[in-house]
Amino acid sequence: MKQLLFIILAMFAPSIAFASDAAHQTIDLTSHWVGYAAIAIFVVAYSLVILEEQLHLRKSKPVLLAAGLIWILIAWYYGSHGMPHAAEVAIRHNFLEYAELFFFLLVAMTYINAMLERDVFDALRDWLVVKGFSYKSLFWLTGILAFFISPIADNLTTALIMCAVVLAVGKDEPKFVALSCINIVVGANAGGAFSPFGDITTLMVWQKGIVQFQEFFALFVPSVVNFVIPAFIMQFAIPNGNPTAASSRMTPIKPGGLVIVGLFILTIITAVSFHNFLHLPPVFGMMLGLAYLKFFGYYIRQTSKNEIDKSDMPTAHDVEDDFDIFNKIAKAEWDTLFFFYGVILAVGGLGFIGYLGMTSEFMYGELGPTNANILVGILSAIVDNIPVMFAVLTMNPEMSHTQWLLVTLTAGVGGSLLSIGSAAGVALMGQARGYYTFFSHLKWTPVIALGYGASIYVHLLING
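Just so it is clear, the structure is predicted and the values come from calculations on it, not from any experiment.

Scoring rules and cut-offs
Residues numbered from 1 in each chain as written. Predicted model: local features only at pLDDT ≥ 70, side-chain atom pairs only at ≥ 80, totals over all residues. Heavy atoms only, no water. Phe/Tyr/Trp six-rings, centres within 6.5 Å; stacked < 30°, edge-to-face > 60°. Buried < 20%, exposed > 50% of the residue type's maximum accessible area, 1.4 Å probe, protein only. Lys NZ or Arg CZ within 6 Å of the ring centre and 35° of its normal. Helix = DSSP H or I, 4+ residues; strand = E, 2+ residues; numbered from the N terminus. Core = buried A, V, L, I, M, F, W, Y, C linked by side-chain atoms within 4.5 Å. Contact = heavy atoms within 4.5 Å. Salt bridge = Lys/Arg side-chain N within 4 Å of Asp/Glu carboxyl O. Axes fitted to C-alpha atoms, helices over the stretch in contact; angles between N-to-C directions. Parallel < 35°, antiparallel > 145°, perpendicular 65-115°, else oblique. Left-handed = near helix turned anticlockwise from the far one by under 90°. Nonpolar A, V, L, I, M, F, W, Y, C, P; charged D, E, K, R; others polar. Expected span 1.5 Å × (residues − 1). Disulfide = S-S within 2.5 Å.

> Pulling in residues and values, what's your account of the packing of aromatic side chains?
Taken as a whole and judged by the stated rule, the model has 35 aromatic pairs. With a centroid separation of 5.0 Å and an interplanar angle of 85°, the aromatic rings of Phe102 and Phe103 are classed as edge-to-face. Judged by its relative accessible area of 37%, Phe103 is partly exposed. Where Phe232 meets Phe236, the ring centres are 5.3 Å apart and the plane angle is 85°; that geometry is what we call edge-to-face. Under the relative-accessibility criterion, Phe236 is labelled exposed at 59%. The rings of Phe104, Phe139, Trp140, Phe147, Phe148, Phe194, Phe197, Trp206, Phe213, Phe217, Phe220 and Phe227 are connected pair by pair, giving a single aromatic cluster. The side chain of Lys59 reaches across the aromatic face of Phe339, ending 5.7 Å from its centre.

> I'd love a proper account of unusual backbone geometry, names of residues and values included.
Most peptide bonds take the trans configuration, and most residues that are not glycine carry a negative phi. Here His279, not a glycine, exhibits a phi torsion of approximately 55°, which is positive. Residue position: His279 is located in the loop between α12 (257–276) and α13 (282–310). Take His279: its relative accessible area is 67%, and that puts it in the exposed class.

> Please provide a residue-by-residue account of the nonpolar core, values included.
Phe176, Met204, Phe340 and Tyr364 are the most contacted members of the largest nonpolar core, which totals 143 residues. Examining the composition of this core, we find that 16 residues originate from one element, helix α5 (residues 86–117), more than from any other. Residues contacting Met204, with those up to four places away along its chain left out, are Leu101, Phe340, Ile386, Met389, Phe390 and Leu393.

> Summarise the pattern of salt bridges; cite the residues concerned and give the values.
Applying the stated criterion to the full structure yields five salt bridges. Arg92 is paired through a salt bridge with Glu88; the nearest N and O atoms lie 3.2 Å apart. One end of the pair is Arg92 and the other is Glu88, both in helix α5 and four residues apart, which spans about a single turn. Exposure remark for Glu88: the relative accessible area of 33% places this residue in the partly exposed category. Taking the shortest distance from any N to any O, the salt bridge between Glu97 and Lys208 comes out at 3.1 Å. Pair noted here: Glu97 is in helix α5 and Lys208 is in the loop between α10 (200–207) and α11 (220–234), with a separation of 111 residues, a long-range link. Connected via shared salt-bridge partners are Glu117, Arg118 and Lys254.

> I'd like to hear about the side chain of Ser223, residue by residue, with values.
Relative to the helices and strands, Ser223 resides in helix α11. With near-sequence residues (within four places) excluded, Ser223 lies in contact with Phe147, Ala190, Ala193, Phe194 and Leu409.

> I'd like a description of the packing of helix α18 (residues 385–395) against helix α19 (residues 401–413), backed by residues and values.
The geometry of α18 relative to α19 is characterised by a closest axis approach of 10 Å and an angle of 165° between their N-to-C directions. Relative to α19, the element α18 lies roughly antiparallel. Considering only the axes of α18 and α19, their crossing is right-handed. Contacts between α18 and α19 involve Asn385, Met389, Val392 and Leu393 on the former and, on the latter, Trp404, Val407, Thr408 and Ala411. For the contact of α18 with α19, the per-class residue count stands at six nonpolar, two polar and no charged.

> Kindly report on α11, identifying the contributing residues and their values.
Taking 1.5 Å per residue, 15 residues should reach 21 Å; α11 reaches 22 Å between its end C-alpha atoms and fits that length. Within α11, the full set of buried residues consists of Pro222, Ser223, Val225, Asn226, Phe227, Pro230, Ala231 and Met234.

> Tell me about the packing of helix α8 (residues 155–170) against helix α20 (residues 423–431), residues and numbers included.
Running from N to C, α8 and α20 cross one another at 30°; their axes reach a closest spacing of 9 Å. Classed by the angle they form, the pair α8 and α20 counts as roughly parallel. Here the hand of the crossing between α8 and α20 comes out right-handed. Taken together, the residues of α20 that come into contact with α8 (itself represented by Asn155, Leu156, Ala159, Leu160, Cys163, Ala164 and Leu167) are Ala423, Ala424, Ala427, Leu428 and Gln431. Taken together, the residues that form the contact of α8 with α20 break down as ten nonpolar, two polar and no charged.

> Go over the state of the cysteines with me, naming the residues and quoting the values.
Inspection of the entire model under this criterion finds zero disulfides. We note that Cys163 lacks a disulfide partner, and the nearest cysteine sulfur, in Cys181, lies 3.8 Å from it. Among the residues examined, Cys163 registers a relative accessible area of 0% and is labelled buried.

Take it as geometry only, folks, not as evidence of what the structure does.
Structure below.
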């Protein structure tokens, strides 16, 4: 919510009129009732997003409504002043940015859902459960796996899988579950910060062309520091002993599960190659990768039918392994995708009105880029990091490459400071209800903040 205060404070700063990319002169509405109404709409909508858990209202609903209302006000005002196409050009630009990210994320989510359906992650979970590790070993294993899986899978899925392991073996030790969940959230967010695929914010930065694919790995060491320092301190509070495994059953990976993992890696390579060698947007490489999965899904279905035919079982309606790729697409996180649409269009509208330019002047002009980028990470623990990062990208402040890497790092790991600061934390509060809470996480926030500060120092030391 502090970001909103900066915007409101900026309203009383000197106004600036600037030309859009399409050479349409924009009208400064920051001191007009249209601008005030747009700010009020956004504040109300985002307040409902923050209260999602209490209201049981999906976060996409208020931001979708807010985006529509804000652009209605903008289009009406410009139309009444003889500029009917100015808003159209601006909203098309924002929508194109969203479309690229939408299809990129949709392909990634489809692959993750396919791996879930093939029991790839269940097999990993059961393997960890039956190995008989101690509480302390499981604390480190789940954290390290969260750190290294989240750069490929998203940090939300990774956190849920690791939390399932913790709950399966440690439900008799509430302290172990709470500390492990904190460690998983920190590890998943830290791991996602050094990969374009680890978090939506890093994906936004990569697709914008500000940081190249290989340059993200410069954040690996700071990300390790961000994860290891809190984990090292928290481990001393982990209870001693070994948990008793609830079950020795191992879930087998369904046919084709490991092939799908390989195809996902090949899809990532394709997307990177499209960007680096063909100079095409990475989303086109991801869509080609979706074709890999579609054809392999066809192979799975045909192979399954052939096996059933040989055993003289009816196949007209029931198929033993009915792998349908469109079911995987249907199970994508549509609430997140629509939330993303609402945020991009709403924040884009505020930028078109003139507020983001003023906020950029205050944060990056008055505070300086380093302080501003550290503040971005703190804001992302209170407000979702997607609108914060999109606002920074829309402002496009003049700063060095080191500073762009810094804001990529802070926006990715800053959400670990509070349990509500990232999708991983919010999801684990629901999955480990009663064990992992806002206040159990808040108790360790100073330790997490120590890792946050250390990672920034290390980044400036080795990359500055």
